Amino acid sequence: MVVAETFYREGEEAGSKVYINPAEVDVVRDEKGRIQQATLVKDGQPVTVGPFEKMSKSSNNGVDPNEMIGAYGADATRLFILFAAPVENDLRWQETGIDGTQRFLRRVYSFVYRWREALSGAPQEAAGEFSDAAKALRHETHRTIERVTNDFEGLRYNTAVAALMELLNELYDLKSQPGSASPSELFAVREAVEAMVLMLAPFAPHVAEE
């Protein structure tokens, strides 16, 4: 079930509420995503923030997926839905979460783009002595492959995406740069990048294909 924030004003009848669609509300949040202020866009006046409720016409808290795809892209929207909660739990819909998945996809793209020329000439097979950094990266790559495989088969998509995010962090933590990496490090980076893109494809096929 997908649940979303609700906003309303008191109706003319006692105890009644007039729900307002989230798209019509200007929201100010703190660093943890909690709402600090909510005002109606058309008049700038405050509205009351209600609890998370099931998306419905009565609560007027539905979100048009096409608008989200237009704003963030299909891959980021899909990735957020799969990452936000286990399939058996309620999905709390928040656009701040889509911002996070969009940043992750941009980081993936940026890393691959920065290393693309160096990796095009990277060794296809492991050879020679691996540095400590290369060994650590290879260990994390194969650990991630195992985690994502098990999570995907178990329908635990949220933890599979989390594992990919951790692998990307390992790649960014690598001290070697494209122009100065040793052959063993180039091999380890290429192995990690290829594995990450393949595992990302079911979640974000357009970015992975690119």
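Above this text you will find the structure in question.
All residue numbers refer to positions counted from 1 along the written sequence of the respective chain. The predicted origin of the model limits local features to residues at a pLDDT of at least 70 and limits the giving and counting of side-chain atom pairs to 80 or more, whereas totals for whole chains, interfaces and linings rest on all residues. As a rule here, side-chain values cover all heavy atoms of the structure and leave hydrogens and water aside.

What follows deals with the pairing of strand β4 (residues 25–29). Bridging between β4 and strand β5 (residues 35–40) involves five bridges; their strand directions are antiparallel. By the bridge assignment for β5, valine 25 is matched with leucine 40. Here the rule is simple: two strands pair whenever DSSP picks up at least two bridges between them. In DSSP terms, a helix is any run of H or I states spanning at least four residues, a strand is any run of E spanning at least two, and both are numbered starting from the N terminus. In textbook terms, the turn of a hairpin is the stretch between consecutive antiparallel strands, and for β4 and β5 this stretch comprises five residues, one of which, glycine 33, has a positive phi near 85 degrees.

In this section: the packing of aromatic side chains. Two aromatic rings from Phe, Tyr or Trp, using only the six-membered ring of Trp, form a pair when their centres are within 6.5 Å; if the ring planes differ by under 30 degrees the pair is stacked, by over 60 it is edge-to-face, and anything between is tilted. For the structure on display, the rule yields eight aromatic pairs. Measuring from ring centre to ring centre gives 5.8 Å for phenylalanine 152 and phenylalanine 203, while their planes differ by 80 degrees; the resulting arrangement is edge-to-face. Placement of phenylalanine 152 in helix α4 (residues 132–153) and of phenylalanine 203 in the loop between α6 (183–200) and α7 (205–209) is noted, with a sequence separation of 51 residues between them. Type-normalised accessible area, obtained with a 1.4 Å probe on protein chains alone, sets the label of each residue: buried when under 20%, exposed when over 50%, and partly exposed for intermediate values. Classification of phenylalanine 152 by relative accessible area gives partly exposed; the value is 35%. Residue phenylalanine 203 is classed as buried on the basis of its relative accessible area, which comes to 1%. Grouping aromatic residues by their ring pairs yields a cluster made of Phe111, Trp115 and Tyr172.

With that settled, consider the nonpolar core. Grouped together as the largest cluster of nonpolar side chains are 44 residues, with contacts concentrated most on Phe104, Trp115, Leu137, Leu164, Leu171 and Val189. Those elements giving two or more residues to this core turn out to be α1 (65–72), α2 (74–84), β8 (91–93), α3 (95–120), α4, α5 (157–173) and α6. The greatest single-element share of this core, amounting to ten residues, is contributed by α6. Residues belong to one nonpolar core when they are buried, are Ala, Val, Leu, Ile, Met, Phe, Trp, Tyr or Cys, and are joined through side-chain atoms within 4.5 Å. With six residues, the next largest nonpolar core counts Ile20, Ala38, Leu40 and Val47 among its residues.

This part covers the sheet that holds strand β2 (residues 7–10). The antiparallel open sheet is built from three strands, whose spatial order is β3-β2-β6. The sheet is open, and its two borders are formed by β3 (17–20) and β6 (48–49), each paired with just one other strand. Sheet topology note: the β2/β3 ladder contains four bridges and is antiparallel. Note on β3: the bridge partner recorded for tyrosine 8 is tyrosine 19.

Attention now goes to the packing of α3 against α6. At a closest axis distance of 11 Å, the pairing of α3 and α6 adopts a crossing angle of 140 degrees. Comparing their axes, α6 and α3 come out oblique. In this structure, the crossing between α3 and α6 has a hand that is left-handed. On α6, the residues touching Phe104, Leu105, Val108, Phe111, Val112, Trp115, Ala118, Leu119 and Ser120 of α3 are Leu186, Val189, Arg190, Val193, Met196 and Leu200. Between the N-to-C directions of two axes lies an angle of 0 to 180 degrees, each axis being a line fitted to C-alpha atoms and, for a helix, fitted only over the stretch in contact. Working rule for angles: under 35 degrees goes down as roughly parallel, over 145 as roughly antiparallel, 65 to 115 as roughly perpendicular, anything else as oblique. Take the far helix as the reference: if the near one is turned anticlockwise from it by less than a right angle, the crossing is left-handed, and if turned clockwise, right-handed. Throughout, a residue-residue contact means that at least one pair of heavy atoms, one from each residue, lies within 4.5 Å.

Turning our eyes to something else, we now look at the sheet that holds strand β1 (residues 2–4). Sheet architecture is open: three strands sit in the order β7-β1-β8, paired in mixed fashion. Two strands in the sheet have a free side with no partner beyond their single neighbour: β7 (53–54) and β8. Pairing analysis gives three bridges linking β1 to β8, with the strands arranged parallel. The residue bridging valine 2 from the neighbouring strand is leucine 91, located in β8.

Every case where a carboxyl oxygen of Asp or Glu lies within 4 Å of a side-chain nitrogen of Lys or Arg is listed as a salt bridge. Within the structure shown, the criterion is met by eleven salt bridges. The residue arginine 78 makes a salt bridge to aspartate 75 at a minimum N-O spacing of 3.0 Å. Linking arginine 78 with aspartate 75, this pair stays in helix α2, spanning three residues, or about one helical turn. On the basis of relative accessible area, arginine 78 is assigned to the partly exposed category, the value being 29%. Ionic pairing is found between glutamate 140 and arginine 143, a salt bridge with its closest N-O pair at 3.1 Å. On the criterion of helical spacing, the pair formed by glutamate 140 and arginine 143 is a turn pair, its members being three residues apart in helix α4. Sharing partners across several salt bridges, the network here consists of Glu140, Arg143, Arg147 and Glu166.

Located in the positive-phi region is asparagine 60, a residue other than glycine, with phi close to 50 degrees. Take asparagine 60: it is sitting in the loop between β7 and α1. Here asparagine 60 falls in the partly exposed class, since its relative accessible area comes to 26%. Positive phi, normally seen in glycine, also occurs at leucine 155, with a value near 60 degrees. Along the chain, the position of leucine 155 falls in the loop between α4 and α5.

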